[in-house]
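Here's the letter readout for the chains.
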Amino acid sequence: PGHPMKPHRLQMTHNLILSYHLYRKMDVYRPHMATHEEMLQFHAPEYIDFIRRVTPDNQHEFAKQLQRFTVGDDCPVFDGLYDYCRLYSGGSIDGAMKLTAGMADVAINWSGGLHHARRSEASGFCYINDIVLAILHLLKHHARVLYLDIDVHHGDGVEEAFYTTDRVMTVSFHKYGDYFFPGTGDVKDVGIKGGKYYSLNVPLRDGITDECYSRIFVPVMQKVMEVYQPGALVLQCGADSLSGDRLGCFNLSARGHAECVRHMLSYHLPTLVVGGGGYTVRNVARCWTYETAVVLGEELQEELPWNDYYEYYAPDFSLHVAPSASMENANTRQYLESVKVQVFENLRMLQGAPGVQMEQMPHDVEATPAEDPPDSRSGISGTSQRLHPGEHYNTDL
């Protein structure tokens, strides 16, 4: 109960999207449960086996593994852990599959984005790294994949997974310094061996505003796109970079956060959008609902429609998360300029977009699940006008 990660933020997001009728503008699919073999594409067999077997009742029998795999405090054992991991990972893999099959321009999995998980280690509320699994699928069809992370925490697990390759460029905008978790993501961390300069880190300080964030985000991403020329994009939209987050320290509004999404959509790449952090649940739901609308090109009314979690949005009951007027911005113009200079210098070291012979693409060994049609049982599809059960509310509850 005291853990800051609240899974019902996803129910709140889903319910708000239903209440705004956004589901009528898109196809909604039930994700498959990621298989043991799919998770082994990145994670170690002994780690996956441990996640599958451990439960709250038997965890005392796994004392050594709990310590070895860093499961316990930040990443507690709970009932249904393995299936939870399979479900959110399956969603991101399915999104990547829809993109590579040409069935979608943009795929969204708000339950994904667990960017801290390592090959044999849970970290920062993340157990299985769905992002890495999705990128591995995209790499079977694209020579270069760009990963962009706007969570307040550094995307360390994804960066580490691709630290030695030029096939994936990782770009992370995050809080750095003051012993802030996870402690990585210095501007000087650029990758090694074949991946040198293909990891790009933009370290920021407390209290950054929409205007300051945009001032560094837009030119950096314009240069990244010009230099790297990716074939696909994975965008991690952790909402803990919003103002008022329980664990975050930035001062972004939902509009400012969403402008990053809007900017990246302007490049018209096959794009997988995933969630991530976010610990003030009412703000998470509002932000991801608004960003769903941005992806769809829809305008939403400011006043929230009635929904199952309406009382959570008191006292204003409005869509947008406003920044704090009193929070100090430690990102001076001089500091942001110095970071931008270093980032551009790192980008200058790249020798243009790397080339890959497509016949050298790894063979697709995964068992591809059959494509499910849009969930007609719930009447959710881009063309269906039937009522969804989520539109009905029991006022007696």
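These figures come from a predicted structure and were not determined experimentally.

Observations concerning the side chain of S243
Considering the arrangement of structural elements, one finds S243 in the loop between β5 (232-236) and α9 (254-265). For S243, a relative accessible area of 7% gives the class buried. In this structure the side chain of S243 is engaged in a polar contact, spanning 2.7 Å, whose partner is the side chain of N251. Residues contacting S243, with those up to four places away along its chain left out, are F250, N251, L252, N283, V321, A322, P323 and S324.

Points about the packing of aromatic side chains
The relation between two aromatic rings is expressed through the spacing of the ring centres and the mutual angle of the planes. Taken as a whole and assessed by the stated rule, the structure comprises 15 aromatic pairs. Seen in terms of ring centroids, Y309 and Y312 are 5.7 Å apart; in terms of plane orientation they differ by 75 degrees. Their pairing is edge-to-face. The class of Y312 is partly exposed, set by a relative accessible area of 35%. A centroid spacing of 4.6 Å and a plane angle of 10 degrees characterise the contact between Y310 and F317, whose relative ring orientation is stacked. Three or more aromatic residues joined by ring pairs make a cluster, and in this case those are Y47, F50, F62 and F69.

With respect to the pattern of salt bridges
Across all of its chains, the model carries 16 salt bridges by this definition. In this structure, D206 and K175 form a salt bridge, with 2.7 Å as the shortest nitrogen-oxygen distance. In this pair, D206 sits in the loop between β4 (199-204) and α8 (210-228) while K175 sits in strand β3 (residues 168-175), placing the two residues 31 residues apart along the sequence. Its relative accessible area of 4% is what places K175 among the buried residues. Because the salt bridges share partners, they merge into one network encompassing R118, E121, D156 and E160.

Comments concerning the environment of A161
Of note, A161 is situated in helix α7 (residues 156-161). Distance in space between the C-alpha atoms of A161 and A117 is 9.8 Å, their sequence separation being 44 residues. Here A161 is in contact with F42 and V132, once residues within four sequence places are set aside.

Thoughts on the sheet that holds strand β1 (residues 106-109)
With respect to topology, six strands assemble into an open sheet ordered β1-β6-β5-β2-β3-β4, the strand pairing being parallel. If you trace the sheet from one side to the other, it starts and ends with β1 and β4, each paired once. Neighbouring strand axes in the sheet, compared pairwise and without regard to direction, differ in orientation by 10 degrees on average. Pairing geometry for β1 and strand β6 (residues 271-274), over four bridges, is parallel. Across the sheet, V106 pairs through a bridge with T271, a residue of β6. Along the sheet, α8 contacts β2 (145-149), β3 and β4; its crossing angle with β3, the most-contacted strand, is approximately 175 degrees.

Rules used in this analysis
Residues numbered from 1 in each chain as written. Predicted model: local features only at pLDDT ≥ 70, side-chain atom pairs only at ≥ 80, totals over all residues. Heavy atoms only, no water. Helix = DSSP H or I, 4+ residues; strand = E, 2+ residues; numbered from the N terminus. Buried < 20%, exposed > 50% of the residue type's maximum accessible area, 1.4 Å probe, protein only. Polar contact = N/O pair within 3.5 Å; in protein donor to acceptor, adjacent residues only side chain to side chain. Contact = heavy atoms within 4.5 Å. Phe/Tyr/Trp six-rings, centres within 6.5 Å; stacked < 30°, edge-to-face > 60°. Salt bridge = Lys/Arg side-chain N within 4 Å of Asp/Glu carboxyl O. Pairing = 2+ DSSP bridges. Axes fitted to C-alpha atoms, helices over the stretch in contact; angles between N-to-C directions.

Function-wise, these values are silent; they only describe arrangement.
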